[in-house]
Amino acid sequence: MSDATHDRIDGLVKEHDVLLFMKGSPLFPQCGFSSRAVAILDHLGAKYDSVDVLQDQEVRQGIKAYSDWPTIPQLYVKGEFVGGSDIMMEMYESGELAQLFQEAGVTAA
């Protein structure tokens with residue numbers, strides 16, 4: 001990954017309280033995992049931004065190196081990598097994700 005791509009991703013992650021790197025957009029997810037991630041965030045009432053990795057090949061590959069995580073979607077909260085859709089689902093079901101959002105102050109309440 002180039003320094004410019006790393007810096008761009010780093011800037012995005014730090015700029016947004018909740019950021020989902022996904023395939024497609026929240027209105028039109030382009031894979032089942034991204035769709036599930038959006039559904040979880042919407043259900044929790046989280047205010048979030050998203051990046052469509054299908055629109056930018058450098059970001060699509062770069063985000064995997066940035067997080068050292070091989071799959072997309074990827075969720076970041078307050079600059080910290082949370083996980084992909086499976087981890088999001090586990091955290092959602094256990095209540096951990098709602099608690100994380102509440103502690104970070106990012107839910108619509």
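Provided above is the structure to which this section pertains.
Student: Is there a simple way to think about the sheet that holds strand E4 (residues 80-83) in this case?
Tutor: Note: strands within a sheet are paired through backbone hydrogen bonds, in either parallel or antiparallel orientation. If you walk across this open sheet you meet the four strands as E2-E1-E3-E4, and the pairing is mixed. Each end of this open sheet is capped by a strand with a single partner; those strands are strand E2 (49-52) and E4. Averaged over all adjacent pairs, the angle separating strand axes in this sheet is 25 degrees, with direction ignored. With four bridges connecting them, strand E1 (residues 18-22) and E2 associate as parallel partners. If you follow Leu19 over to E2, its bridge partner there is Asp49. Against the sheet, helix H3 (residues 57-67) makes contact with E1, E2, strand E3 (74-77) and E4, and its axis sits at roughly 60 degrees relative to E3, the strand it touches most.

Student: Before we go on, may I ask you to explain unusual backbone geometry in this structure?
Tutor: Among all residues except glycine, the phi angle is most often negative; among peptide bonds, the trans geometry is most common. A cis geometry characterises the amide bond from Ile72 onward to Pro73, with omega recorded as 15 degrees. Positionally, Pro73 belongs in the loop between H3 and E3. We note that Asp68 has phi near 60 degrees; this positive angle belongs to a residue other than glycine. Tracing the chain through its elements places Asp68 in the loop between H3 and E3. We classify Asp68 as exposed; its relative accessible area is 68%. Even without being glycine, Lys78 reaches a positive phi, approximately 50 degrees. Structurally, Lys78 is set in the loop between E3 and E4. By relative accessible area, which is 45% here, Lys78 ends up partly exposed.

Student: What's the story with the nonpolar core in this structure? I'm lost.
Tutor: Inside soluble globular proteins, nonpolar side chains tend to come together where they are buried. Counting 19 residues, the largest nonpolar core has Leu20, Leu41, Leu75, Met88, Leu97 and Phe101 as the members making the most contacts within it. For this core, the secondary structure elements donating two or more residues are E1, helix H2 (32-44), E3, helix H4 (85-94) and helix H5 (96-104). Residues in contact with Phe101, not counting those within four places in the same chain, are Val18, Leu41, Leu44, Ala46, Leu75, Val77, Val106 and Thr107. Within the second largest apolar cluster, ten residues are counted, among which are Val51, Val53, Val59 and Tyr76.

Student: What is the right way to read H5 from this model?
Tutor: A turn of α-helix holds 3.6 residues, and therefore any two residues three or four places apart point the same way. All of the buried residues in H5 are Leu97, Phe101 and Ala104. Taken end-on, H5 shows its buried residues confined to a sector of 70 degrees, consistent with a single buried face. Exposed residues on H5 whose side chains face more than 90 degrees from its buried face are Gln102 and Glu103. Where H5 is buried, its residues touch E1, H2, E3, E4 and H4. Following H5 by one or two positions, Gly105 has its phi on the positive side, about 70 degrees.

Thresholds, definitions, all that
Residues numbered from 1 in each chain as written. Predicted model: local features only at pLDDT ≥ 70, side-chain atom pairs only at ≥ 80, totals over all residues. Heavy atoms only, no water. Pairing = 2+ DSSP bridges. Helix = DSSP H or I, 4+ residues; strand = E, 2+ residues; numbered from the N terminus. Axes fitted to C-alpha atoms, helices over the stretch in contact; angles between N-to-C directions. Contact = heavy atoms within 4.5 Å. Buried < 20%, exposed > 50% of the residue type's maximum accessible area, 1.4 Å probe, protein only. Core = buried A, V, L, I, M, F, W, Y, C linked by side-chain atoms within 4.5 Å. Arc of directions from axis to C-beta.

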